[in-house]
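The lines below spell out each chain.
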Amino acid sequence: MASIADPQFEPLKNDLLLRVARGQKAERPPCWVMRQAGRYLPEYHEAKGQNDFFECCRSPEIASTLTLQPIDRYEGLIDAAIIFSDILVIPQAMGMEVVMVPEKGPHFPNPLSSPEDEQYREVMERECDVKESLDYVYKAITMTRRKLKGRVPLYGFCGAPFTLMCYMVEGGGSKMFRHAKTWIFKYAVEAKKLLQKIAVLCVEYLAQQVVAGAQIVQVFDSWAGELSPTSFKEVALPYLVYICDNLPARLRELGQEVVPMVVFAKGAWYALDDLCKTKYDVIGLDWLHEPKEAYAVAQKHGKVLQGNADPGILYGGHEATTKVVEEMVEGFGGGKQGWIANLGHGITPFVKPDDLKFFFQEIHRLSGLRQERHTPSKADVEAAEQRMHTRNILQGDW
Ligand SMILES: Cc1c2[nH]c(c1CCC(=O)O)Cc1[nH]c(c(CCC(=O)O)c1C)Cc1[nH]c(c(CCC(=O)O)c1C)Cc1[nH]c(c(C)c1CCC(=O)O)C2
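The model shown is predicted, which means the values in this text are computed figures rather than measured ones.

### Here we look at the pairing of strand S6 (residues 261-265)
Moving residue by residue along a regular strand, the side chains alternate between the two faces of the sheet. Here S6 lies mainly inside the structure; five of its five residues are buried. Burial along S6 is two-sided: the residues Met-261, Val-263 and Ala-265 and Val-262 and Phe-264 are all buried. In this structure, strand S5 (residues 216-221) lies alongside S6, joined through five bridges in parallel fashion. Of the residues in S6, the one forming a bridge with Phe-220 is Phe-264. In this structure, S6 lies alongside strand S7 (residues 282-284), joined through three bridges in parallel fashion. Looking at the pairing, Val-262 lines up with Val-282 of S7.

Spelled out as structure tokens, the structure:
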């Protein structure tokens, strides 16, 4: 049973984002933002109350309520919901303890210290059934689809193997990545075994999210930018590729429609061309990319882009927001094809909800002003390729 036209859910009334994700032309660019259900919203704090962060993730009622908050607030301006959850539920399903420390972020009391570590052996040997252990996520997705009543499509997501491994060995966020670098350079064989194990779980986890009702899926490689281009090709890209190569077949096996797949490798600007050569339908961009340059590269490969305003512009007032939206609309081909408008990373705390509203309004207004679809000329494509080539040489990847 295919979830997109699933009789248990109301038909989708706004399928703009799914059409664009599949490469079709559209009347305007769809928009949403990463972390749109979060701490900048007063209603988030109200609904979360005293509940622990992971308790909220485990409660389908709370998770679906939080997911719908930005959809209600920005009704008519926003074109997708993303399930309220966290990338760290996979390490939890693998048997690791993770707590969310308020104001600080995630914390693993017992990170994986080395391949000799008892816990590494346990994590590697333990049978991990993500269908069973992450059942609460699928329940939250199904409940959210029902509550959405077809207003907008719902994103499912997971963390990429490299980013998840970073958390599992660092024990939380990091500035130096001392442990992650020790693993990838000193314990490369064991690190790759762990990355492969996570990649297999990601495929099943995303597939089960689609069974539950997710209509598009995104893989977050939030720490990709900590890697050199060469290391990225060794420890991040192969596992991102494993996911997009295997998910469609798994979905077919489960009798599901193949949904669009999005990859977001934050900081890996040098890998745009490589990511465009994968089976992902959409490539998420952070703000290190110039829209026009990235769009020319993506168009050459027939890929759709998602992004990429610096989330910091939302602290900068209306003029700054208008300027960055203008640059995006112009650079991403006028917004009629190949672009899902978003920030270049998650929205940050202390942003005023009305400033995000203005961002959405400007995307609608400025893309509406652009009548003509702009296709990059051959000269634009060649100039962008030359710039990428020069940047790669400067970065040492040649
Ligand atoms: C790296 C990462 C994590 N989680 C996630 C990523 C990848 C995206 C990215 O790079 O930002 C993914 C994530 N986390 C959350 C969502 C929800 C859906 C949405 O986008 O609205 C999504 C898609 C909720 C959340 N995840 C978290 C919160 C804040 C929890 C709170 O204090 O209330 C929310 C709403 C906590 C979290 N979770 C994580 C960190 C580092 C933190 C603390 C820092 C922070 O809060 O920004 C791990």
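### Here we look at unusual backbone geometry
The omega torsion across Gly-307 and Asn-308 is 0 degrees, close enough to zero to call that bond cis. Counting through the fold element by element, Asn-308 comes out in strand S8 (residues 304-309). Unlike most non-glycine residues, Phe-177 shows phi in positive territory, near 55 degrees. Within the secondary structure, Phe-177 sits in the loop between helix H9 (161-170) and helix H10 (178-186). Even without being a glycine, Phe-350 presents a positive backbone phi close to 75 degrees. Take Phe-350: it is sitting in the loop between strand S9 (339-343) and helix H16 (353-369).

Cut-offs and rules
- Residues numbered from 1 in each chain as written.
- Predicted model: local features only at pLDDT ≥ 70, side-chain atom pairs only at ≥ 80, totals over all residues.
- Buried ≥ 20, exposed ≤ 12 C-beta atoms within 10 Å, placed from the backbone.
- Helix = DSSP H or I, 4+ residues; strand = E, 2+ residues; numbered from the N terminus.
- Pairing = 2+ DSSP bridges.

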